[in-house]
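Each chain, written out:
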Amino acid sequence: MVATSEVVWVAEGAVAANFPSPGTATAAPTYGLNFYRNSCPGAENIIRAAVIAKWNSDKTITAGLLRMFFHDCFVTGCDASLLILSTPGNQAEIEAGPNLTIHGQDLINTIKTNLEAACPGVVSCADIIALATRDVVLLAGGPQILFPTGRRDGVVSLASAVDVPGPTDTVTQAIAAFNSIGLNVNDLTTLLGAHTVGVAHCLFFSDRLYNFQGTGVADPTMAPALVAALKSVCPQGATGLGNPVALDQGTEFIVDTSYFQQLQLNHGILQIDQELTHDARTSGLVKSFGQFGPSPWGFSFARSMVKLGNVGVLTGTKGQIRKTCGAINT
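Residues numbered from 1 in each chain as written. Predicted model: local features only at pLDDT ≥ 70, side-chain atom pairs only at ≥ 80, totals over all residues. Heavy atoms only, no water.

Enquirer: Which residues make up the pattern of salt bridges, and what values go with them?
Expert: One pass over the full model with this rule turns up 10 salt bridges. Linking Arg134 and Glu44 is a salt bridge whose minimum nitrogen-to-oxygen distance equals 3.0 Å. Linking Arg134 in helix H4 (residues 125–139) with Glu44 in helix H1 (residues 43–57), this pair joins segments that are 90 residues apart in sequence. Among the residues examined, Arg134 registers a relative accessible area of 10% and is labelled buried. With a shortest N-O distance of 2.9 Å, Asp219 and Arg208 are connected by a salt bridge. Note that Asp219 is positioned in the loop between helix H7 (207–210) and helix H8 (224–233) and Arg208 in helix H7, a separation of 11 residues in sequence. Among the residues examined, Asp219 registers a relative accessible area of 4% and is labelled buried. (Salt bridge = Lys/Arg side-chain N within 4 Å of Asp/Glu carboxyl O. Helix = DSSP H or I, 4+ residues; strand = E, 2+ residues; numbered from the N terminus. Buried < 20%, exposed > 50% of the residue type's maximum accessible area, 1.4 Å probe, protein only.)

Structure follows, in structure tokens:
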């Protein structure tokens, strides 16, 4: 398990411009650590209190927020465009296929309401997602992440723009997708470690149980005992999403390295997860991250999360601070 005090990581170059040289007069920073310390001093405490209350009653919120953060940042950047609801004439991101099972919006909306009461028009929905994700990862046993803040909210949300890596992608396809937003193979392998929490529905892996790539048999890279166990949960020919199955067959509610250990036992649920173990570009990282005892994954995860959180950030006068996360200000 990753120690909660193991990692503190600040973005590579992302906030350097916000720290002036001695004796240099500059404008107030628009993106950096503790951005709200003057404009809304209690903001992070308000966020943390709501996250703790939610996590105490619903451990699935860890996976929910991680997935929300990833899906938001991967499409037009970390601008909370994922939270905008559809309107007549515009189908928003939240209604795209990959986002239909996103959850955690209720928590983000609660936090936004509380922040608007304390500091109207100051804290963005994009920063709420980032900081809530930071806090829930720590609560679930993961590393400490130092996200810069000062993100502003986007004003465009299109379902047609949603193109995120999928569960049946090859490693090559996934690498290309991550490269497209400035992340590398280390970030890919590291961030898929977020599958240490969360579930997958039968629809997304049943082909691996019954008819892998049209062969009429199960995926040979999945452990036979796991195939048998999953067939009892996901009957052949079932319709709809099907039953949820834990992505980490070891410690499903803890942010730790069990996911990588499970992959080395051929217990990966999704095709992309298991392929990490068998691809030369990622297999070494899987072994390194999954080693018993001290693992470099916690450090790497905190670092890659900050890199992801810097994708497409709107600052300064770009975008807006939404009054509610589900609608663009009029």
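Enquirer: Talk me through the layout of surface pockets; I want residue IDs and the actual numbers.
Expert: Which parts of space are left empty comes out when a probe the size of a water molecule is rolled across the atoms. Of the voids in this model, the largest pocket is the one considered here, and its volume is about 1000 Å³. Forming the walls of the largest pocket are 39 residues, and the residues nearest its centre are Arg67, His71, His195, Val199 and Leu247. Ranked by residue count, the leading element in the lining of the largest pocket is helix H2 (residues 61–74), at 7 residues. Considered class by class, the residues forming the lining of the largest pocket number 26 nonpolar, 10 polar and 3 charged. Its boundaries defined by the atoms lining it, the second largest pocket holds a volume of some 240 Å³. Lining the second largest pocket are 14 residues, and of these Glu44, Arg48, Arg134, Asp135 and Gln144 lie nearest its centre. The set of elements that each furnish at least two residues to the lining of the second largest pocket consists of H1 and H4. Tallying contributions element by element places H4 first for the lining of the second largest pocket, with 5 residues. Here the lining of the second largest pocket is built from residues that sort into 8 nonpolar, 2 polar and 4 charged. (1 Å grid on protein atoms, 1.4 Å probe; cavity = no way out; pocket = protein on both sides within 12 Å on 5 of 7 lines; lining within 4 Å. Points joined across faces, edges and corners; volume = space filled by probe spheres on them. Nonpolar A, V, L, I, M, F, W, Y, C, P; charged D, E, K, R; others polar.)

Enquirer: Please give an account of the packing of aromatic side chains that cites residues and values.
Expert: With the rule as written, the count across this model stands at 9 aromatic pairs. Seen from their ring centres, Phe35 and Tyr36 are 5.0 Å apart, and the 85° between their planes marks the pair as edge-to-face. On the basis of relative accessibility, which here comes to 28%, the residue Phe35 falls in the partly exposed class. Judged by centre distance (5.4 Å) and plane angle (70°), the ring pair of Phe74 and Phe178 falls under edge-to-face. With Phe74 in helix H2 and Phe178 in helix H5 (residues 171–179), the pair connects residues that are 104 residues apart, well separated along the chain. Assessed through its relative accessible area of 2%, Phe178 is described here as buried. Grouped by ring-pair contacts, the aromatic residues Tyr259, Phe260, Phe289, Trp297 and Phe301 constitute a single cluster. (Phe/Tyr/Trp six-rings, centres within 6.5 Å; stacked < 30°, edge-to-face > 60°.)

Enquirer: Outline unusual backbone geometry, listing residues and values.
Expert: Located in the positive-phi region is Thr76, a residue other than glycine, with phi close to 65°. Its place among the elements puts Thr76 in the loop between H2 and helix H3 (105–118). Its relative accessible area of 48% is what places Thr76 among the partly exposed residues. For Gln213, which is not glycine, the phi dihedral falls at a positive 50°. On the secondary structure map, Gln213 appears in the loop between H7 and H8. Relative accessible area serves as the criterion here: at 58%, Gln213 is assigned to the exposed category.

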